[in-house]
Amino acid sequence: MAEGATFVWQGKDKLGRKTKGEITSSTPAIAKAELRRQGIVADKVTKKRAALSIGGRGKVNPADIALFTRQMATMMRAGVPLVQAFDIVADGVDKPKLAKLIRDIRQDVSAGNAFASAIRQHPNEFDDLFCNLVEAGEQSGSLESMLDRIATYKEKTESLKAKVRKAMTYPMAVIVVAIIVSGILLVKVVPQFEQVFQGFGADLPTFTKMVIGFSEFAQAYWFLIAAGLIGVALTIIQLHKRSKPFREAMDRLALKLPVAGTIIEKSAIARFARTLSTTFAAGVPLVDALNSVAGATGNSVFVKSVHRIRDDVSTGQQLNFSMRNTGVFPSMITQMVAIGEEAGALDDMLDKSASYYEEQVDNAVDNLTSLMEPIIMSVLGVLVGGLIVAMYLPIFQLGAVVGG
């Protein structure tokens, strides 16, 4: 069967009124026939052009995968067959790349391949954890409930990532703005005052001389300064991508940052608990589940700790005991895990722990935002206000001399 396309049509309805719209069909002729059955005489039927993707708008991101999973889970729970569910979801998405991805998966599944096998052909969009959970759902005959569980996991994980990004982005954006404003003042504004001061014929205050010195340096070497800052930023990014020791050092440093370090630590613990709860509830063996959990924590300190836990558990140690031995997990979650192991409800206790730490991250982000606002205003006030005071000090002194 040919893959359906979207056509834009114009025509008249039963009452002779002009109307237009869109229809999904395999060919323009079949589209006209379908419209005729609906009482519409189509004068013009043309294939809809694909929307232009500017920058990264067309890229399939984890949030898109979470939405796709939720829609698939809803369709299957409503009794819609799997292949038909792919068609319905693909027709409802806005991103052309996401629609193509869904139709590619649908084509593989309709050809007789398993859902898990089809999504394994797209490793950039579906990681091993996602594929393993779908495979477990297919093998156990509970794919719809598994998709619902995966959708919940993806939604909560993406929500947590968004909160952490919010906590990190806000202060960084303000710092960049402060640097840009200070640079403009030093390069453009201070030189204008300097020309005025040259006609005073009096000795300038030390603070003013210092600011003028900074201004002259910035004017002479602004290009080198900008290139140096960009070079440092690019070097850090590349080292973080390519150098494992550097990445581990940065992750250790991140956990020691005031306030922000607490957010990073709690988000890593929340992802650990959420991922392990999801995989364990899906019937994945604990040792195998820990392999997937390690990469989900997002911090190399926790990755090493989870690998150590996996090795300990594989030798017969209890999960809570091996977690306590790593020294990176707080007593609250180790106690919850211990209770879960004793009661045979480990997935439930991990789920409750994940919810608790996700709420902690949410509160910490709000507190950080509230705390950063007065600090940022103070820093901006000192930077910008200091430059302005330095420029007006000679004028004040001249006024005092004239007044005297």
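The paragraphs below set out a description of the structure included in this document.

Cut-offs and rules
- Residues numbered from 1 in each chain as written.
- Predicted model: local features only at pLDDT ≥ 70, side-chain atom pairs only at ≥ 80, totals over all residues.
- Heavy atoms only, no water.
- Phe/Tyr/Trp six-rings, centres within 6.5 Å; stacked < 30°, edge-to-face > 60°.
- Helix = DSSP H or I, 4+ residues; strand = E, 2+ residues; numbered from the N terminus.
- Buried < 20%, exposed > 50% of the residue type's maximum accessible area, 1.4 Å probe, protein only.
- 1 Å grid on protein atoms, 1.4 Å probe; cavity = no way out; pocket = protein on both sides within 12 Å on 5 of 7 lines; lining within 4 Å.
- Points joined across faces, edges and corners; volume = space filled by probe spheres on them.
- Nonpolar A, V, L, I, M, F, W, Y, C, P; charged D, E, K, R; others polar.
- Patch = residues over 30% accessible without salt bridge, like charges linked within 9 Å, V, L, I, M, F, W, Y side chains within 5 Å.
- Areas by Shrake-Rupley, 256 points an atom, 1.4 Å probe, with all protein chains shown as cover.
- Salt bridge = Lys/Arg side-chain N within 4 Å of Asp/Glu carboxyl O.

**Looking at the packing of aromatic side chains**
Here is step 1 of the chain: Overall, the coordinates contain eight aromatic pairs when judged by the stated rule.
Here is step 2 of the chain: Relative to phenylalanine 86, the ring of phenylalanine 68 lies with its centre 6.5 Å away and its plane at 15°, an arrangement referred to as stacked. Of this pair, phenylalanine 68 sits in helix H2 (residues 62-77) while phenylalanine 86 sits in helix H3 (residues 82-92); the two residues are 18 residues apart in sequence, bridging distant segments of the chain. Each member of the pair, phenylalanine 68 as well as phenylalanine 86, carries the same accessibility label: buried.
Here is step 3 of the chain: Taken together, a centroid distance of 5.0 Å and an interplanar angle of 45° make the contact between phenylalanine 217 and tyrosine 221 tilted. Within this pair, phenylalanine 217 and its partner tyrosine 221 are both found in helix H8 (residues 206-242), separated by four residues, close to a single helical turn.
Here is step 4 of the chain: Residue class for phenylalanine 217 comes out partly exposed when judged on its relative accessible area of 48%.
Here is step 5 of the chain: Among the aromatic residues, those joined into a ring-pair cluster are Phe68, Phe86, Phe115, Phe126 and Phe130.

**Considering the layout of surface pockets**
Here is step 1 of the chain: The volume enclosed by the largest pocket comes to roughly 1400 Å³.
Here is step 2 of the chain: What lines the largest pocket is a set of 37 residues, among which Met168, Met250, Ala254, Leu257 and Ile264 lie closest to the centre.
Here is step 3 of the chain: If you list the elements that add at least two residues to the lining of the largest pocket, you get helix H7 (143-197), H8, helix H9 (244-256), helix H10 (260-281), helix H12 (300-314) and helix H15 (346-403).
Here is step 4 of the chain: The biggest single contributor to the lining of the largest pocket is H7, with eight residues.
Here is step 5 of the chain: Split into classes, the residues belonging to the lining of the largest pocket amount to 21 nonpolar, seven polar and nine charged.
Here is step 6 of the chain: In this structure, the second largest pocket occupies an estimated 760 Å³ of space.
Here is step 7 of the chain: Looking at the second largest pocket, it is lined by 27 residues, and the ones nearest its centre are Ile179, Ile180, Ser182, Gly183 and Leu229.
Here is step 8 of the chain: At the level of elements, H7, H8 and H15 are the ones that each hand at least two residues to the lining of the second largest pocket.
Here is step 9 of the chain: At 13 residues, the largest contribution of residues to the lining of the second largest pocket is made by H7.
Here is step 10 of the chain: The residue inventory of the lining of the second largest pocket, partitioned by class, reads 24 nonpolar, two polar and one charged.

**Observations concerning a nonpolar patch on the surface**
Here is step 1 of the chain: A surface patch of nonpolar side chains, amounting to about 1100 Å² of accessible area, comprises Met172, Ile175, Ile179, Phe217, Tyr221, Trp222, Phe223, Leu224, Ile225 and Leu229.
Here is step 2 of the chain: Ranked by residue count, the leading element in the nonpolar patch is H8, at seven residues.
Here is step 3 of the chain: Residue position: methionine 172 is located in helix H7.
Here is step 4 of the chain: Methionine 172 gets classed as exposed once you look at its relative accessible area, which sits at 51%.

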